[in-house]
Amino acid sequence: MATETPPPSKTPTRLPATEAFVAEQESAEFGELRRSYRSFAFPLTVGFIAWYLLYVLLSNYAGDFMGTKLFGNINVALVLGLAQFLTTFLIAWWYSRHAAAKLDPKAEAIKSRMEGGA
Amino acid sequence: MSPAQHTLIAAGEASQHRTLIITLFAVFVAATLVITIWAGRQTKDAADFYAGGRQFTGFQNGLAVSGDYMSAASFLGIAGAIALFGYDGFLYSIGFLVAWLVALLLVAEPLRNSGRYTMGDVLAYRMRQRPVRTAAGTSTIVVSIFYLLAQMAGAGVLVSLLLGITSDGGKIGIVALVGVLMIVYVTIGGMKGTTWVQMVKAVLLIAGALLLTFLVLLKFHFNISDLLGSAADNSAKGSAFLEPGLKYGATGTTKLDFISLGIALVLGTAGLPHILIRFYTVPTAKAARKSVIWAIGLIGAFYLMTLALGFGAAALIKPDEIIASNKAGNTAAPLLALHLGGVDSNWGAILLATISAVAFATILAVVAGLTLASSSSFAHDIYANVIKKGTATEKQELGAARWATVGIGAVSIVLGALARDLNVAGLVALAFAVAASANLPTIIYSLFWKRFTTSGALWSIYGGLVSAVGLVLFSPVVSGKPTSMFPDVDFHWFPLENPGIISIPVGFLLGILGTYLSKEEPDAGKYAELEVRSLTGTGAH
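As the structure is a prediction and not an experimental result, all values here were calculated from the model.

**Thoughts on the overall build of chain A**
Piece 1. Summing up its helical and strand segments, chain A has four helices and two strands in all.
Piece 2. Long-range contacts, defined here as pairs at least 24 residues apart, represent 61% of the contacts in chain A between residues at least 6 apart.

Written out as structure tokens, the structure is:
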């Protein structure tokens, strides 16, 4: 698992002034980074928490449905539980793909511009 | 003494087996001490001590994160809960795993980008330093001590059963030994040593679980339906064993308790200080992301294996034997090892010894991680930034961290000796509830809510902390039931065992109320710094 960037030096990089951060925060480029992060991460968080809570509520209040046998001794409850595992793996994979394609290049560009200009 | 204790102790007392357990454990301790001393030689400055020099790769840290997370509660507790309650035990592992998505999507990368050593770095970034760091340090130490107690109690249970030490003096001695070892790991090895210990432990634990899973599946010719069927038959509960409800389905109150537990589990992970500081051991946010991805893969695979272990134990061992050995089922996994190898056979004894040594290693590594989190927060948040107001030299700060380690070690030896008979999984779930109520709201608001202020942070941290701990105090966990800490008195009025369903919304709401009810203006410049840094990594340490 190599990291593409070299490890940072032990002495922290000199930070740009606060005004530079305020200007950056208001820039279109940063706005776009924030949008592509938030519009991905926030709805997805709401989604997987809702899906998890649905599963918790079904376990609590829909015992008959959860106990329905699908094949052999495998019932709906077990399949839905394993589906939680599967969706967790898929979301992790999906986010890492999104971050590498959409977030990292933008973040890198802003970082090197700001640190270079400091 | 129960028959099951006889089985286990007989296995333990056939002196060669007992010697084997102790030898394997001693080998682990010796190997980890060598690693610790080696790491200690390379630990020179604060970044080494607190963050392992930030030189670990995403994979290494992912392994270490898994090691920190797969505690005795995961391994012994979940396997035991499945063995006794079937499907309801599995519900724990789902919450524990899904919770990682909160860390992945919202917390790990921003935290890595904007903090240095502790959770308090991020919480206090745009706030008045002293009050917020005091609050963050307090909640870090409270959460870690709840978690430590659980591990210490687990060590006591395990040792008394496996080595046949049943006297109180013997159990206290073991707790003290665990405490002294963790002080040595942390004071000498710092984060670097602790991280390597976590990696070694994670590999051992996964290998042990793989071996048992393979043996269980082999017994059932890799037919999972057969395994489940035998578990249901042997449990004498029939198909109900494979459905939700055996543990939490009894009444409306237990169902509500289950919702409360579920919320605490899914929101707790991203507020656990000992997990959060792991993200500082890698050089970049990208590597922090990779750590979480690896951790999700490893932890997920591990929990799938506990499913096989739990149902395997239910299928192969009589429920009476599991309960007699430990009421909460904490010894189901070691018992399973014994039965898979064959009771009264050498192979059985060897498997039992191996799995027990792995369980000890697990406890030891997790307590080291917890101690490091709390002593770092004491030294960096409270000593350096509150007491010394930022004037402490690095040497003084590290000295404080080492003394804090000794202090926290001593406190947890004393508390661990007192808590030796408590329910392990319950204590861990409590730590999750406190973390989700006191830490997570402030982490989220600090990172994403422009308007958030110091008052909001303080209201949220202290309010979440007090409501979570307070509700536990007046819950059946502490008094009023045969399984309580104090079964002989009854001052409980809160019906649920887990406070999360109340205390987590309270933590989030108080953050909003505290922000709007104070006249304080948010520091817009500091928020600009935090937001840009957290998303881009500009100026990351």
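**Examining the overall build of chain B**
Piece 1. The number of helices and strands found in chain B is 22 helices and zero strands.
Piece 2. Its C-alpha radius of gyration of 23 Å places chain B within 12% of the 24 Å reference for a compact globule of 541 residues.
Piece 3. Here the C-alpha coordinates of chain B stretch approximately 70 × 55 × 45 Å along the principal axes.
Piece 4. For chain B, with 541 residues in total, the buried portion stands at 67%.

**With respect to the interface of chain B and chain A**
Interface size, as often reported, equals the accessible area lost upon joining of the parts.
Piece 1. With 55 residues of chain B in contact, the opposing surface of chain A contributes 53 residues.
Piece 2. Listed by contribution, the elements that provide at least two residues to the side of chain B that touches chain A are α4 (58-69), α6 (87-98), α7 (100-114), α11 (224-234), α12 (252-268), α14 (285-316) and α22 (524-536) of chain B.
Piece 3. The leading source of residues in the side of chain B that touches chain A is α14 of chain B, at eight residues.
Piece 4. Residue classes in the side of chain B that touches chain A are distributed as 29 nonpolar, 17 polar and nine charged.

**Quick look at the confidence of the model for chain A**
Piece 1. Of all residues in chain A, 86% attain a pLDDT of 70 or more, and the chain-wide mean is 88.
Piece 2. Between residues 1-11 of chain A, whose pLDDT stays under 50, and residues either more than four places distant or in other chains, the model counts 22 contacts.

**Considerations on α11 of chain B**
Residue and element names in this part refer to chain B.
Piece 1. Residues L227, L228, G229, A231 and A232 constitute the buried set of α11.
Piece 2. Packing partners of the buried residues in α11 comprise α14.
Piece 3. Of the residues one or two after α11, A236 is the one with positive phi, at around 65°.

**With respect to helix α10 (residues 168-219) of chain B**
Residue and element names in this part refer to chain B.
Piece 1. Taking 1.5 Å as the rise per residue, α10 with 52 residues should run 76 Å; its terminal C-alpha atoms sit only 39 Å apart, a clear shortfall.
Piece 2. G189 marks the point of greatest bend in α10, at about 120°.
Piece 3. Looking at the residues trailing α10, positive phi occurs at H221, about 50°.

**Comments concerning the confidence of the model for chain B**
Residues and elements named next belong to chain B.
Piece 1. This prediction gives chain B a mean pLDDT of 89; 96% of its residues lie at or above 70.
Piece 2. The secondary structure element of chain B with the lowest average pLDDT is helix α1 (residues 3-13), at 47, and the one with the highest is helix α21 (residues 500-517), at 97.
Piece 3. Under a pLDDT of 50 for its full length, residues 1-6 has, in the predicted model, ten contacts with residues more than four places off or in other chains.
Piece 4. Segment residues 9-13: pLDDT under 50, and 13 contacts once partners within four positions in sequence are set aside and those in other chains are kept.
Piece 5. Among the prediction metrics, the complex's ipTM stands at 0.91, with pTM recorded as 0.92.

**So, the environment of I275 of chain B**
Residues and elements named next belong to chain B.
Piece 1. Along the polypeptide, I275 turns up in helix α13 (residues 273-276).
Piece 2. Linking I275 and A103, residues 172 residues apart in sequence, is a C-alpha distance of 9.6 Å.
Piece 3. Among residues more than four places away in sequence, those in contact with I275 are V65, D68, Y69 and T269.

**Structural notes on the packing of α12 of chain B against α21 of chain B**
Residue and element names in this part refer to chain B.
Piece 1. Where α12 meets α21, the closest approach of the two axes is 8 Å, and the angle between their N-to-C directions is 45°. Put simply, α12 runs oblique to α21. Where α12 approaches α21, its residues L256, I259, S260, L261, I263, A264 and L267 are matched on the opposing element by G500, I501 and I504.
Piece 2. Grouping the amino acids of the contact of α12 with α21 by side-chain chemistry returns eight nonpolar, two polar and no charged.

**A closer look at the environment of F40 of chain A**
All names here are of chain A.
Piece 1. Looking at where F40 falls in the secondary structure, it is placed in helix α2 (residues 28-61).
Piece 2. By the C-beta count within 10 Å, which is 17 here, F40 ends up partly exposed.
Piece 3. The spacing of F40 and A100 is 60 residues in sequence and 13 Å in space, taken between C-alpha atoms.

**With respect to the nonpolar core**
Piece 1. Ranked by size, the top nonpolar core spans 229 residues in total, and within it A313 and A431 of chain B carry the most contacts.
Piece 2. In terms of residue count, the dominant contributor to this core is helix α17 (residues 346-387) of chain B (24 residues).

**Digging into the packing of helix α5 (residues 72-85) of chain B against α14 of chain B**
All names here are of chain B.
Piece 1. It is at 7 Å that the axes of α5 and α14 come closest, and there the two elements cross at 45°. If you check the angle between α5 and α14, you find them oblique. As for how α5 packs across α14, the hand of that crossing is right-handed. Here I78, A79, I82 and A83 of α5 come into contact with α14, specifically with T306, L307, L309, G310, F311, A313 and A314.

**So, unusual backbone geometry**
All names here are of chain B.
Piece 1. Phi angles above zero are rare outside glycine, and H221 is one such case at about 50°.
Piece 2. Its location among the elements puts H221 in the loop between α10 and α11.
Piece 3. In this structure H221 comes out as exposed when scored by C-beta crowding, with 8 C-beta atoms within 10 Å.
Piece 4. Unlike most non-glycine residues, K389 shows phi in positive territory, near 50°.
Piece 5. For K389, the location among the structural elements is in the loop between α17 and α18 (394-418).
Piece 6. On the neighbour-count criterion, K389 (10 C-beta atoms within 10 Å) is exposed.

Procedures and definitions
Residues numbered from 1 in each chain as written. Chains lettered and ligands numbered in written order. Predicted model: local features only at pLDDT ≥ 70, side-chain atom pairs only at ≥ 80, totals over all residues. Helix = DSSP H or I, 4+ residues; strand = E, 2+ residues; numbered from the N terminus. Contact = placed C-beta atoms within 7 Å. Rg over C-alpha atoms; globule rule 2.2 N^0.38 Å. Buried ≥ 20, exposed ≤ 12 C-beta atoms within 10 Å, placed from the backbone. Nonpolar A, V, L, I, M, F, W, Y, C, P; charged D, E, K, R; others polar. pLDDT = per-residue confidence, 0-100. Expected span 1.5 Å × (residues − 1). Bend = angle between axes of the 7 residues up to and from the residue. Axes fitted to C-alpha atoms, helices over the stretch in contact; angles between N-to-C directions. Parallel < 35°, antiparallel > 145°, perpendicular 65-115°, else oblique. Core = buried A, V, L, I, M, F, W, Y, C linked by C-beta atoms within 7 Å. Left-handed = near helix turned anticlockwise from the far one by under 90°.

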